[in-house]
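So the chains spell out like this:
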Amino acid sequence: MKATTRCAPRWRRREPDVDSYTPTENTRIRRRPERGHYDRALVHAILDEALVCHVGFVADGMPRVMPTTIVRIGDAVYLHGSPQNRMLTTLAAGAPACITVTHVDAIVAGRSGFGCSVDYRSVVIYGHGEVVEGEDKAGVLDAVIESFLPGHRVRPYKASEIGATLILRFPLDEVSAKVRDLGVKEVDGDYDLDLWAGVIPLHIVPGEIRDCPRLKPGIATPDYAREYRGPARTAPA
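Keep in mind the model is a prediction, meaning the values are calculated, not measured.

Thresholds applied
- Residues numbered from 1 in each chain as written.
- Predicted model: local features only at pLDDT ≥ 70, side-chain atom pairs only at ≥ 80, totals over all residues.
- Heavy atoms only, no water.
- Helix = DSSP H or I, 4+ residues; strand = E, 2+ residues; numbered from the N terminus.
- Buried < 20%, exposed > 50% of the residue type's maximum accessible area, 1.4 Å probe, protein only.
- Contact = heavy atoms within 4.5 Å.
- Areas by Shrake-Rupley, 256 points an atom, 1.4 Å probe, with all protein chains shown as cover.
- Lys, Arg positive; Asp, Glu negative; His and termini not counted.
- Charge placed at Lys NZ, Arg CZ, Asp CG, Glu CD.
- Disulfide = S-S within 2.5 Å.
- Pairing = 2+ DSSP bridges.
- Salt bridge = Lys/Arg side-chain N within 4 Å of Asp/Glu carboxyl O.
- Patch = residues over 30% accessible without salt bridge, like charges linked within 9 Å, V, L, I, M, F, W, Y side chains within 5 Å.
- Phe/Tyr/Trp six-rings, centres within 6.5 Å; stacked < 30°, edge-to-face > 60°.
- Lys NZ or Arg CZ within 6 Å of the ring centre and 35° of its normal.

Give me the lowdown on the overall build of the protein chain, citing residues and values where you can.
The secondary structure content of the protein chain amounts to five helices and 11 strands. Taken along the three principal axes of its C-alpha coordinates, the protein chain extends 65 × 50 × 40 Å. The buried share of the protein chain, taken over its 237 residues, is 40%. Long-range contacts, defined as pairs at least 24 residues apart, comprise 72% of the intrachain contacts of the protein chain with a sequence gap of at least 6. Within the structure as shown, the protein chain displays about 14400 Å² of accessible surface, and the carbon and sulfur contribution to it stands at 55%. Within the protein chain, the 31 negative side-chain charges are centred at a point lying 6 Å from the centre of the 31 positive side-chain charges.

How would you summarise the state of the cysteines if you had to cite specific residues and measurements?
Using the criterion set out here, one finds zero disulfides in the structure. No disulfide involves Cys 53; its nearest neighbouring cysteine sulfur is the one of Cys 98, lying 10 Å away. When its relative accessible area of 0% is taken as the criterion, Cys 53 is described as buried.

Describe the pairing of strand S9 (residues 166-171), with residues and values.
Successive residues of a regular strand alternate their side chains across the two faces of the sheet. Counting buried positions over the six residues of S9 gives six, a clear majority of the element. Relative to S9, strand S5 (residues 76-81) runs antiparallel, the two being bridged by six bridges. Residue pairing for S9: Ala 76 is matched across the bridge by Pro 171. Examined bridge by bridge, strand S8 (residues 130-131) and S9 share two bridges and lie antiparallel to one another. In the strand pairing of S9, Val 131 is matched with Leu 168.

Quick rundown of the pattern of salt bridges? Include the residues and the values.
Scanning all chains against the criterion turns up 12 salt bridges. A salt bridge links Arg 30 to Glu 25, with the nearest nitrogen and oxygen atoms 2.9 Å apart. By relative accessible area, which is 51% here, Arg 30 ends up exposed. Of the charged contacts, one joins Glu 49 and Arg 121 as a salt bridge, the two residues approaching to 2.9 Å between their closest N and O atoms. Here Arg 121 lies in strand S7 (residues 117-127) and Glu 49 lies in the loop between helix H1 (40-48) and strand S2 (53-59), a separation of 72 residues in the sequence. Linked through salt bridges whose partners overlap, the residues forming this network are Glu 49, Asp 105 and Arg 121.

Quick one: what's the story with the environment of Ile 200, residue by residue and with numbers?
Structurally, the position occupied by Ile 200 is in strand S11 (residues 198-201). Residues Ile 200 and Asp 119, spaced 81 residues apart in sequence, show a C-alpha to C-alpha distance of 9.7 Å. Filtering out sequence-adjacent residues up to four positions away, Ile 200 remains in contact with Asp 105, Ala 106 and Ile 107.

Summarise a nonpolar patch on the surface; cite the residues concerned and give the values.
A contiguous nonpolar patch, built from Val 104, Ile 107, Trp 196, Ile 200 and Leu 202 and spanning about 470 Å² of accessible area, is present on the exposed surface. Within the element layout of this structure, Ile 107 appears in strand S6 (residues 97-109). Judged by relative accessible area, Ile 107 falls into the partly exposed class, the value being 35%.

Explain the packing of aromatic side chains to me, using residue names and the numbers behind them.
One pass over the full model with this rule turns up zero aromatic pairs. Its end group placed over the ring of Tyr 21, Arg 40 keeps NZ or CZ at 4.1 Å from the ring centre.

Shown next, in the form of structure tokens:
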């Protein structure tokens, strides 16, 4: 069946005409404040590169942290899954969430144990989820697919599939980024030691593609799959 092209969802909001988010008591960086950032473009770039996030919440009096997929659309992020998913149902009922994304960019090898570290980029979001309803749900699912595999074509969603999906929207009202990109940084006396120090960059490296064994004859592996280099760095605006 031929894939459909969907119009931009009517629920997309224009992003505020400001370059930075306003720090709050939750998002203000206190430990290593020089690594804290509230730049809107940086926050969006870190979120757009994420394949998964981790969601912290409290259910039945117990703290929980769960991994799940995430997508940014405009000035909000979206989580989706089964209506029986405990995390989503708890958040849909009004529980606050703490959503985090982290990219480890390099291993930093120092001359001392305290000089060893990682270079990283991270985002922390605090907020409450808003349930996405009706025809808007298909637009979010389209954005999820486009964010982790740009150009991939799928058949139209079935009404039963849309009905069996719970989607939550989290506005980026309380959000901050934290970045370490210093490489090796040590106390002055350690630089003179006869020990190696340096940085080992880390990247997502796709492996060899495996076509579905039940592909119809004549269907070739598409260029977007063969040329895939990692998650999309620019999500829908």
